[in-house]
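Architecture at a glance
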Amino acid sequence: MIEIKYPPREEIEKCKEAVVSAAVSKKKICRPGLKTVFYGCGAAGYISILVYLLLWGLCIALRDGDPVRTGTAILGIYPLSCFAFSFLSVFSEEQCEIIELKSALRFPYFYIVALRALYSSVAAVFMNLIVAAAVFRDLGGVWSLCAAGTAFTVGLALMSLKVYEKFGSSAAICAPPTVWAAVCVLARSSEAGSAVFKALIETVPLAVHIAVAAASLALILIYVGKVEFKYADC
Amino acid sequence: MLTVDSVTKYYGKKPAVENISLSLGNGLYGLLAPNGAGKTTLIKMLTTLLKPTSGEILYCGTPIEKLGASYRELIGYLPQQFGYYRGSTPVQYLEYLAALNGMPSKGLREKIESVIGQVGLSDSKKIKMKKFSGGMLQRVGIAQAIMSDPKILILDEPTAGLDPKERVRFRNIISAMSKDRTVILSTHIVSDIESIANRVIMIKDRQIFRDSTVPELSAELEGKVFEASVPDSEYERFEREYFVLSARQEQGSMAVRFYCESPAPYRPAEPNLEDFFLVTYR
């Protein structure tokens, strides 16, 4: 009778891992390029630029002698300018019924949405800075407004992503910025709200605003990095 | 090897599939059930679009959830609703999906030309997809699913909108592909899988009802399927008495194929998969 030696457990595990790693091919491309991230977003982009111009036009039209009221309008509009794009791009893809297929690919849909949110919020922050510097440079506390606006833009982008991850609908993207817009409208029209915004703009030092804006940028980078690790295995 | 281990999926409190266990190696598996039976739910779990409420799905012994992107890279998937960008040409769209699937750009154009040729769209490859018929779009869907040469090919109702010639072409493509990979074809159209499936998996009451070959399933109805010519005047009574599988009008009578549990005084017929499907889900 021939005695057949059964291999030890560790060796079986090693063999199993070798088979799996041979079957599961190694990563080929680790990150999709900008063309891939924004593919099919042309119409959403054009409409967003239009919305962006309209929002800033509205902000300029609402400008009055009161720096707090003008500042509140700027703060309200600052984050909204990038959400039109996030919402419209996801909405148009929902209409094309393309999300299911894209979610089953190597770089799944949510990862692409997260990258879009990151890129578009950073782009909006820069564009807003340019517009604010060009149009409102004589307004008191404009740099504090820009820094606070950056923090709110990036913070709301982060919140929208979290809500979208949970509910998976374009409407979810709109929820945080809509609440924010409502808060700003109420603040503009109420004394208590104006007082809070006045304190935010005039009392909090610029350095604190800049630190918060930098922290919010770091937070969204960390979050997108986590999404990348979780969904795209990068 | 893909293993589905005691998988159950609930939508809220409503069960969609319950305690499904399967073992899928190389070959073509036909997932056959009527609409609403849970096929798409199972497919979505196999493609990681849905998480099972309980149980797990393993690829080579590792949970697919743990493999994540590396697993999705191995899949070719055609969803029931194939979405596309209206303004893109098939080539542009396939290039885009290839980029999303992490395929290297080297040799990609040749690969795309090849799969477009396989599905018979070479003449339309530069036309925007908004001008395509339903069948042409479905062929783009098939092309994107096979483009990455996937180890696991999952097709949900792939022949919807295809004409008979296209169906035959499609069957030949996936039959050839199934030699060295796992192909899962979900359908409620029996003829899609009858001639090519190595195994037929049927779902009934949210559970696996049968996991057998086509001859084994057909053999279960041996001696229970008959043919008869029934005068028009008697057809109504006949229909009440027997389970009619098909009926064709002839001059003054109906040529009927029917199912009967016990031996009947009629001409026995060779049962097929469609008979089994109709009897199972009557």
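Only a predicted model underlies this, so the values are computations on that prediction, with no experimental measurement involved.

**Describing the pattern of salt bridges**
Per the stated rule, a full pass over the model turns up 25 salt bridges over all chains. A salt bridge links Lys102(A) to Glu93(A), with the nearest nitrogen and oxygen atoms 2.9 Å apart. On the basis of relative accessible area, Lys102(A) is assigned to the buried category, the value being 0%. Here Glu93(A) falls in the buried class, since its relative accessible area comes to 0%. One network of salt bridges, in which partners are shared, links Glu227(B), Arg257(B), Arg267(B) and Asp275(B).

**Brief notes about the packing of aromatic side chains**
The final tally for this structure, using the stated rule, is 23 aromatic pairs over all chains. Between Tyr39(A) and Tyr85(B), the aromatic rings sit 5.4 Å apart at their centres with planes inclined by 70 degrees, giving edge-to-face as the arrangement. Of this pair, Tyr39(A) sits in the loop between helix 2 (34–37) and helix 3 (42–61) while Tyr85(B) sits in the loop between strand 6 (75–78) and helix 4 (90–100), on two different chains. Of the two residues examined, Tyr39(A) and Tyr85(B), each falls in the buried class. Residues Trp180(A) and Phe197(A) carry aromatic rings whose centres are separated by 6.3 Å and whose planes lie at 35 degrees to one another, so their mutual orientation is tilted.

**Examining the pairing of strand 11 (residues 225–231) of chain B**
Examined bridge by bridge, strand 11 of chain B and strand 13 (residues 253–259) of chain B share seven bridges and lie antiparallel to one another. Looking at strand 13 of chain B, one finds that Ala228(B) is bridged to Val256(B).

**Side note on a positive patch on the surface**
Residue and element names in this part refer to chain B. Taken together, the side chains of Arg-86, Lys-128, Lys-130 and Lys-131 make up a positively charged region of the molecular surface. On the secondary structure map, Lys-131 appears in the loop between helix 5 (108–118) and helix 6 (134–146). With a relative accessible area of 65%, Lys-131 lands in the exposed category.

**Considerations on the sheet that holds strand 3 (residues 27–32) of chain B**
The strands that make up a sheet are held in pairs by hydrogen bonds between backbone atoms, and each pair lies either parallel or antiparallel. All names here are of chain B. If you trace the six strands from one edge of the open sheet to the other, you get 6-7-8-3-9-10, paired in mixed fashion. Each of the sheet's edge strands pairs with one partner strand only, and the pair in question is strand 6 and strand 10 (207–212). Sheet twist, expressed as the mean angle between neighbouring strand axes with direction ignored, is 15 degrees. Across six bridges, strand 3 lies against strand 8 (residues 182–187) in parallel orientation. Bridging from a neighbouring strand, Gly-27 pairs with Thr-182 of strand 8.

**As for the nonpolar core**
Core analysis: the biggest nonpolar cluster contains 143 residues, and Leu2(B), Tyr59(B), Tyr93(B) and Val200(B) have the highest contact counts within it. Here this core gets twelve residues from one element, more than from any other, and that element is helix 6 (residues 109–135) of chain A. Filtering out sequence-adjacent residues up to four positions away, Val200(B) remains in contact with Gly30(B), Leu32(B), Ile193(B), Arg210(B), Asp211(B), Ser212(B), Val214(B), Leu217(B) and Leu273(B). Counting residues in hydrophobic clusters, the runner-up holds twelve residues, among them Tyr242(B), Val256(B), Phe258(B) and Cys260(B).

Conventions we followed
Residues numbered from 1 in each chain as written. Chains lettered and ligands numbered in written order. Predicted model: local features only at pLDDT ≥ 70, side-chain atom pairs only at ≥ 80, totals over all residues. Heavy atoms only, no water. Salt bridge = Lys/Arg side-chain N within 4 Å of Asp/Glu carboxyl O. Buried < 20%, exposed > 50% of the residue type's maximum accessible area, 1.4 Å probe, protein only. Phe/Tyr/Trp six-rings, centres within 6.5 Å; stacked < 30°, edge-to-face > 60°. Helix = DSSP H or I, 4+ residues; strand = E, 2+ residues; numbered from the N terminus. Pairing = 2+ DSSP bridges. Patch = residues over 30% accessible without salt bridge, like charges linked within 9 Å, V, L, I, M, F, W, Y side chains within 5 Å. Areas by Shrake-Rupley, 256 points an atom, 1.4 Å probe, with all protein chains shown as cover. Lys, Arg positive; Asp, Glu negative; His and termini not counted. Charge placed at Lys NZ, Arg CZ, Asp CG, Glu CD. Axes fitted to C-alpha atoms, helices over the stretch in contact; angles between N-to-C directions. Core = buried A, V, L, I, M, F, W, Y, C linked by side-chain atoms within 4.5 Å. Contact = heavy atoms within 4.5 Å.

Functional significance is not addressed by these values, which are geometric in nature.
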